[in-house]
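Each chain, written out:
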Amino acid sequence: MNEQELKQKLTPEEYHVLREKGTEAPFSGKLLHEKKSGTYMCKVCSSPLFPSTAKFDSGTGWPSFDQALPGAVKEIIDQSHGMQRIEVVCAKCGSHLGHVFNDGPTVTGKRYCLNSVCLDLNPEENKK
Ligand SMILES: [Zn+2]
């Protein structure tokens, strides 16, 4: 899918965050309080990225995870806005997802701070 097709597939906000490294407004994302189990996938390429078991409430206003699926994301040093942060992108299509910080409250010590608009939840079917 080329950029023109992506522009048509995504909303303007989704396109801005995913492809132009934007940030959605805190507490605005639809996945912030999502509690269903399943797998969070890349909005652009549907690659599985984060398990719902890694999701936690960080209080920051963005959906937060303490680990990614193995090899699912790439971490890139981001020195924009006068800060040094680590940007998280989809390993498959390179779309921007958010940032990762080393102040996570769980055993992994990681806090992946992501934008809801970058993710789609693929809910686990009820297996009972
Ligand atoms: Zn992707």
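Above: the structure in question.
Residues numbered from 1 in each chain as written. Predicted model: local features only at pLDDT ≥ 70, side-chain atom pairs only at ≥ 80, totals over all residues.

A. Spotlight on unusual backbone geometry. Positive phi outside glycine occurs at phenylalanine 27, with the angle close to 65°. Phi at histidine 81 is positive, roughly 60°, even though this residue is not glycine. Checked against the element boundaries, histidine 81 lands in the loop between strand E5 (73-78) and strand E6 (85-90). For histidine 81, a count of 7 C-beta atoms within 10 Å puts it in the exposed group. (Helix = DSSP H or I, 4+ residues; strand = E, 2+ residues; numbered from the N terminus. Buried ≥ 20, exposed ≤ 12 C-beta atoms within 10 Å, placed from the backbone.)

B. Layout of the sheet that holds strand E2 (residues 48-51). The antiparallel open sheet is built from 3 strands, whose spatial order is E2-E1-E9. Of all strands in the sheet, those bounded by a partner on one side alone are E2 and strand E9 (119-123). In this sheet, neighbouring strand axes are inclined to one another by 35° on average, regardless of whether the strands run parallel or antiparallel. Examined bridge by bridge, strand E1 (residues 38-42) and E9 share 5 bridges and lie antiparallel to one another. By the bridge assignment for E9, methionine 41 is matched with aspartate 120. (Pairing = 2+ DSSP bridges. Axes fitted to C-alpha atoms, helices over the stretch in contact; angles between N-to-C directions.)

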